[in-house]
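Coordinate inspection notes
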Amino acid sequence: MRIASWSAANPWKAVLAWTLFVILCFGAGTAAGTKEAAFSDFWVGQAGRAEALAVENDIAAPPVAQILITSPRGDLDENAAAAAAADLSTQMNALDEVAEVAEPVTSESGDAVMVAVTMSMPKHEAKERIDPLLETTASVQESHPDLDIAQTGGEAISVELDETMGAKLAQVERFALPVTLLILFLVFGSLLLAGVPLLLAITSIIASLGVYALSSYFFPNAGGAVASVLTMIGMAVGVDYSLFYLKRIREERTRTRGTLSVAASIEAAAATAGRTILTAGIAVIASLAGLYLVGDVVFSSIATACIIVVAIAMISSLTVLPALLAKLGRRIDGGKFLRRDKNARKQTSGESRVWSAMLRPSMKYPIATAAIGLTHLIGLAAPALAMKLSVEGKETFPDSLDTIATYEATTAQFPDTGVFHMVVAEVDPSNADELAAAIAELEARTQDSDLFAETDRPRMRVSPDGSAIALELPIHYPTSDPRAAESLNLLRDDLVPSLIGSIDGATYAVSGEPAYAADFSDLQSSRLLVVLACVLAATLLIMLITFKSWAMAVLSTVLNLLSSLTAWGALVLVFQGTWAESLLDFESPGFLGSRTPLMVFAILYGLSLDYQLFVMSRIKEAAQRGLSPRESIREGILSSASVVTSAAVIMMSVFVAFIFTDRIEMKQLGFALALGVLLDAVVVRVMLLPALMTMIDRFGWWPKRWQAKNAATGGTRPESPELQGSALG
C-alpha cells in the first residue's frame, strides 16, 4: 500500500523510474550480448560420455553436408550430373569452411548423385558457418537449371528449422497482440484502459529480455525458442496481473458508485489484489524453479527466462501501474455503455446470469457435482499413464522444409547417410591392436544384422596412437522407430561390452541420435516425479502460509495438479494416436516430445496458481467480512469469474496459435496449454472448486481464521471511503 500510495501521489516520477529501468535493462543486455550454451552442455547419459570421450581424443564426428543431385524428370543424365558434381567440388574446395569434398557417389538406381562435404571446424561451430556452403549450392543450382541440386545435413536443417520457427513464432506474437487488445477492450469498454495492461506487459518483456541476456552468463542460453517462451509467459502474467489490479479498482469505484476517490481505490486494490499479485508471483516463481532440478540446459534456460519475466511483471504491476491509473483519474471508469445504471447495478451485486447458472449445481448439489467433475477429469488424465517420451528426430520435422525433403530423398537413395550409432572406445596404447581387432569384429557382426545398414564408405576415426577409435554404424530406421532402439540395446547390452569390454582397462560408450533420444528420455522420466514433488511441496507451503488452512492449501494444490494431469492425458489421446491427424494437420510420431510434459506442467501449473490465488483470495475476503461460507464461496466465484475467464481467453488465443505451426512439438505444447487453461478456468474454478469448498464447509473444515476480522469490523464494510482506506491499511 505504501508503494502504491507513493506511486499514485508521484505518477511522473514512478513512470520515469520505470522507463529508465526498462531502458537500462534492455541496453545492458544488448551491450553484453547473450552467452550461448556450449556443445557439451547438451550432453546427457552414456551418449554424453561418448561425445566427451571422442572430443578428448580428437576423434569426434566432423560436420558433414550432403548435396543431392537429381533430375526433375526422374532419369538422371550421367554427364550433366558429373559436370554439376565437378563444379560443386571446385567451388566447395575454395571455401575456408570446407576441409574435404568426397568423390561423387551414384545411387544403385542411378537416379541420384551425392557429394559429401566435410566442414573444417568442430561440429558445434558449424551451424554458424554453414551459410557459405548453402550459398555455393544455390549458385551451382543456378548454373545447372536442368538438375535439382539441394543441400541437407544437420547444420543446414537446424538453420532452416530455426528460421522457419522464428517466423512462425513471430506470427503468433503478432496475432496475440491485437487479440489481447480486443479482449481487454471488451472487458473495460475503453481502448485507453485496454492499452495499459498491454503496455506494461510489453515493457516488462523488453526489460526481461535484457536481464535474461545478462543472466545467460550464469545460465547459458539454450536456443532461440527460449526468448519466445519468455515473451509468451510475460504476456500471460503481465496482462493477468494488470487486469486483476485494474478490475479491482473499478469494482471499488462501482461499489461506492464513484464516491470513493481514485487514490483510495488504488490503496484498496493494493491491499487486496496487490497482495494477491505478490503472493501469486512468488508461487509461480517457486513452481518454475522446479525446472532447475531436471539437470537439462534447455530447462534451466527456460526457468531462468520465465522467473525473470514473472518477477519484473509483478514489480511493474505493484509500482508503475498505480501511477498510470492515477493519471487516468476518473477515466478509469471506462466507456459510457459500462456506466449505464443497469450495468452498475449488475457490477455492484456481482451477479451474472451465466455464471450464476453455472455455479448453481455446485452450490446446490456439491457432492454430485464434485463426483461428476472429478470422474471426467480423472478419466481424461488417465491416458497419461501410457505416455511415451522421445526426442524429436528428423522424421518428425515438417516436410515443408527444403532441407528435410532433401534429407528424406537422400536417405532413400543412400540408406547409410541417415541415422547412425557411434561407438567410442579408449584403451591403453599398449592394447591398441586388441582394440582395433575388437572394433573390426564389431563392425563385421553388425553388417550381418538386419538392424544395421550396409556401407562401403569409411566410418571410422582413429587417434594417432591407435588407443581411441570412433566407429559409426548406420541403421535403416529413423530415431523414433522401435528397431532403432533395438539396435541400440544390442550394442549397449551385448556386442560392445562383450567385444570391447573384455579388453583390460577399456573405456567405451555409445552415442548417436537414438542413444541421445533414449538417454534424454530416461533423464526426463527419472526427474519427472522429483520435479513434481518439489514443486507441489513448495506451492503447498506457500498456499498454507497464504490461506492459513491445511484443507484449503491441499485443495488448491490438488486442483492445480489435476489441471496439468488432464492436459497430459489429452496430449496422449490426441498425439500418440492417429485419429486427430486430419483435424490438427499432423502425422503422429507415436510419442510426445521429451520436454513437452514438464513444459506443460511448469507453465500450466503456474497459470493455475495465479487463477487459484485470485479466486480463493476473493472467497477469503468475503468470509473475513462476515459472510457465511456458502455466501463467501458464491460471492468470491461470481466476483472473479469474469476476470479469470478473460485472462484465460487471452492465454488461449496465444496458445491456440501454436497449434497451427508445422513443428509437432509446438503443436503438442500449444494444444495442451490451450485445453488446460480452458478446463482450469471454467471446469475447475467455476464447478469443482465451489463444490469441494462447499463440502469442506459441510464437513466442518472451514478455516476459522478466515473469520478473524469480523470482530474488528463487525462483519460490515466501513461506509466512509476514508474509513475504508484506514481499515484496509
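The structure we're discussing is the one just above.
Read on for an overview of the structure. (Residues numbered from 1 in each chain as written. Predicted model: local features only at pLDDT ≥ 70, side-chain atom pairs only at ≥ 80, totals over all residues. Heavy atoms only, no water.)

**Here's the deal with the overall build of the protein**
Across its full length, the protein holds 26 helices and 11 strands. Principal axes of the C-alpha set define a box for the protein whose edges measure 90 × 50 × 45 Å. Taking all 729 residues of the protein together, 56% fall into the buried category. In the protein, the proportion of contacts linking residues at least 24 apart, taken out of those at least 6 apart, comes to 80%. Here the protein has roughly 30,400 Å² of accessible surface; of this, 60% comes from carbon and sulfur atoms. Each charge sign in the protein was given a centre, from 53 positive and 74 negative side chains, and these centres are 28 Å apart. (Helix = DSSP H or I, 4+ residues; strand = E, 2+ residues; numbered from the N terminus. Buried < 20%, exposed > 50% of the residue type's maximum accessible area, 1.4 Å probe, protein only. Contact = heavy atoms within 4.5 Å. Areas by Shrake-Rupley, 256 points an atom, 1.4 Å probe, with all protein chains shown as cover. Lys, Arg positive; Asp, Glu negative; His and termini not counted. Charge placed at Lys NZ, Arg CZ, Asp CG, Glu CD.)

**Considerations on the environment of Leu638**
Here Leu638 shows up in helix H23 (residues 629–659). Judged by relative accessible area, Leu638 falls into the buried class, the value being 8%. A C-alpha to C-alpha distance of 26 Å links Leu638 and Met1, two positions 637 residues apart in sequence.

**Section: the nonpolar core**
Ranked by size, the top nonpolar core spans 193 residues in total, and within it Tyr245, Leu325, Phe655 and Met693 carry the most contacts. Of all the elements, helix H24 (residues 664–698) adds the most residues to this core, at 19 residues. Grouped together as the second largest cluster of nonpolar side chains are 24 residues, Ala65, Leu95, Val117 and Ala126 included. (Core = buried A, V, L, I, M, F, W, Y, C linked by side-chain atoms within 4.5 Å.)

**Thoughts on the pattern of salt bridges**
For the structure on display, the rule yields 15 salt bridges. Here Glu621 makes a salt bridge to Arg248, at a shortest N to O gap of 2.3 Å. Taken as a pair, Glu621 in helix H22 (residues 596–624) and Arg248 in helix H9 (residues 225–255) lie far apart in primary sequence, 373 residues in all. Among the salt bridges present, the one from Glu472 reaches Arg461, with a minimum N-O distance of 2.9 Å. Remark: Arg461 occurs in strand E8 (residues 460–462) and Glu472 occurs in strand E9 (residues 468–474); sequence separation between them is 11 residues. Here Glu472 and Arg461 have matching classes, each one buried. By sharing partners, the salt bridges in this structure join Arg248, Glu252 and Glu621 into a single network. (Salt bridge = Lys/Arg side-chain N within 4 Å of Asp/Glu carboxyl O.)

**Notes on the packing of helix H14 (residues 353–364) against H23**
Helix packing geometry: the angle between the two helix axes and the distance between the axes. Relative to each other, H14 and H23 sit at 140°, their axes nearing to 11 Å. As far as their axial angle goes, H23 and H14 are oblique. When you trace H14 past H23, the crossing you get is right-handed. Across the interface between the two elements, Trp355, Ser356, Leu359 and Met363 from H14 touch Arg630, Ile633, Arg634, Ile637, Leu638, Ala641, Ser642 and Thr645 from H23. Of the residues in the contact of H14 with H23, the class split is seven nonpolar, three polar and two charged. (Axes fitted to C-alpha atoms, helices over the stretch in contact; angles between N-to-C directions. Parallel < 35°, antiparallel > 145°, perpendicular 65-115°, else oblique. Left-handed = near helix turned anticlockwise from the far one by under 90°. Nonpolar A, V, L, I, M, F, W, Y, C, P; charged D, E, K, R; others polar.)

**Side note on the state of the cysteines**
In the structure shown here, the tally under the stated rule is zero disulfides. The thiol of Cys25 is not disulfide-bonded; the next cysteine sulfur, from Cys306, is found 17 Å away. By relative accessible area, Cys25 is classed as buried at 9%. Cys306 gets classed as buried once you look at its relative accessible area, which sits at 1%. (Disulfide = S-S within 2.5 Å.)

**Comments concerning a nonpolar patch on the surface**
A grouping of Phe26, Leu177, Ile202 and Ile206 is seen on the molecular surface, where their side chains present a nonpolar patch of about 280 Å² in accessible area. Here Ile206 shows up in helix H8 (residues 191–215). We classify Ile206 as partly exposed; its relative accessible area is 32%. (Patch = residues over 30% accessible without salt bridge, like charges linked within 9 Å, V, L, I, M, F, W, Y side chains within 5 Å.)

**Some remarks on helix H15 (residues 366–381)**
In this model, H15 (16 residues) spans 22 Å end to end at C-alpha, consistent with the 22 Å of a helix rising 1.5 Å per residue. Every buried residue of H15 is listed here: Pro366, Thr369, Ala370, Gly373, Leu377 and Ala381. The buried side chains of H15 occupy one side of the element, clustering within an arc of 95° when seen end-on. Within H15, the exposed residues directed more than 90 degrees away from the buried face are Ile372, Thr375 and His376. (Expected span 1.5 Å × (residues − 1). Arc of directions from axis to C-beta.)

**Quick look at a negative patch on the surface**
Together, Glu36, Glu128, Asp131, Glu135 and Glu163 line one region of the surface with negative charge. Assignment of secondary structure puts Glu135 in helix H6 (residues 131–143). Relative accessible area serves as the criterion here: at 55%, Glu135 is assigned to the exposed category.

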